[in-house]
Amino acid sequence: MSKEVQITFDCADPGALAEFWAEALGYAVQAPPEGFDSWETALAAFGVPESEWNSRSAIVADGRPRIFFQRVPEGKIVKNRLHLDVRVPDATGDVRMDVLETEASRLEGFGATRAYRVEPAPPLESGFITMRDPEGNEFCLD
């Protein structure tokens with residue numbers, strides 16, 4: 001039996017992190033319910049206190065898992081045990097690393113930071129760049 005998967009991030013600022021990952025992955029922030037022009041108007045109509053309006057957010061893309069962001073009180077303190085690999089088009093060697101560098105620079109413009117770069121070492125290693133999202137969660141450009 002097929003099962004649906006949702007990826008969930010614990011974070012401090014769900015709205016901002018959702019915007020970052022939507023940009024990084026080519027997703028869109030999930031639209032508000034039908035009949036509402038914004039999440040703010042929907043949440044106000046549902047009686048959600050304004051202090052909770054940024055307690056969660058989600059991003060979506062057709063045929064891909066929904067990614068959910070939920071506010072938690074504790075901060076990130078250790079390395080992720082699970083991370084996302086953001087894949088790039090097939091390329092090898094210097095061309096591959098140039099593509100990764102271009103994407104790394106683009107994502108830095110949205111708040112990501114670089115952790116380190118691993119050079120290609122065929123036959124097993126094709127090279128990658130480890131990055132951190134705006135809240136410090138590690139991910140790889142691969």
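Preceding this paragraph is the structure being described.
Treat the numbers as computed from the prediction; the structure is a model and nothing was measured.

Definitions and limits used
- Residues numbered from 1 in each chain as written.
- Predicted model: local features only at pLDDT ≥ 70, side-chain atom pairs only at ≥ 80, totals over all residues.
- Heavy atoms only, no water.
- Helix = DSSP H or I, 4+ residues; strand = E, 2+ residues; numbered from the N terminus.
- Expected span 1.5 Å × (residues − 1).
- Axes fitted to C-alpha atoms, helices over the stretch in contact; angles between N-to-C directions.
- Parallel < 35°, antiparallel > 145°, perpendicular 65-115°, else oblique.
- Left-handed = near helix turned anticlockwise from the far one by under 90°.
- Contact = heavy atoms within 4.5 Å.
- Salt bridge = Lys/Arg side-chain N within 4 Å of Asp/Glu carboxyl O.
- Buried < 20%, exposed > 50% of the residue type's maximum accessible area, 1.4 Å probe, protein only.
- Polar contact = N/O pair within 3.5 Å; in protein donor to acceptor, adjacent residues only side chain to side chain.

Draft legend 1. Spatial organisation of helix α1 (residues 14-25). For α1, spanning twelve residues, the distance from its first C-alpha to its last is 16 Å, which sits close to the expected 16 Å at 1.5 Å a residue. Residue G26 follows α1 closely and has a positive phi angle near 75 degrees.

Draft legend 2. Seen up close, the packing of α1 against helix α3 (residues 93-108). Relative orientation of the contacting elements α1 and α3 amounts to 155 degrees, with a least axis distance of 10 Å. In terms of axis orientation, α1 runs roughly antiparallel to α3. Remark: the crossing between α1 and α3 carries right-handed chirality. Note on element contacts: α3 touches α1 through E103, R106 and L107, opposite F20, E23 and A24.

Draft legend 3. Quick peek at the pattern of salt bridges. Enumeration over the complete set of coordinates arrives at ten salt bridges. Its salt-bridge partner being D142, residue R87 comes within 3.3 Å of it at the nearest N-O pair. Taken as a pair, R87 in the loop between β5 (84-86) and α3 and D142 in the segment after β8 (138-141) lie far apart in primary sequence, 55 residues in all. Judged by its relative accessible area of 62%, R87 is exposed. Because the salt bridges share partners, they merge into one network encompassing E101, E108, R114, R117 and E119.

Draft legend 4. Focus on the side chain of E103. For E103, the location among the structural elements is in helix α3. You can call E103 buried: its relative accessible area is 17%. Within polar-contact distance, the side chain of E103 engages the side chain of R106 at 2.9 Å. Contacts of E103, omitting those with residues within four sequence positions, involve A24 and L141.

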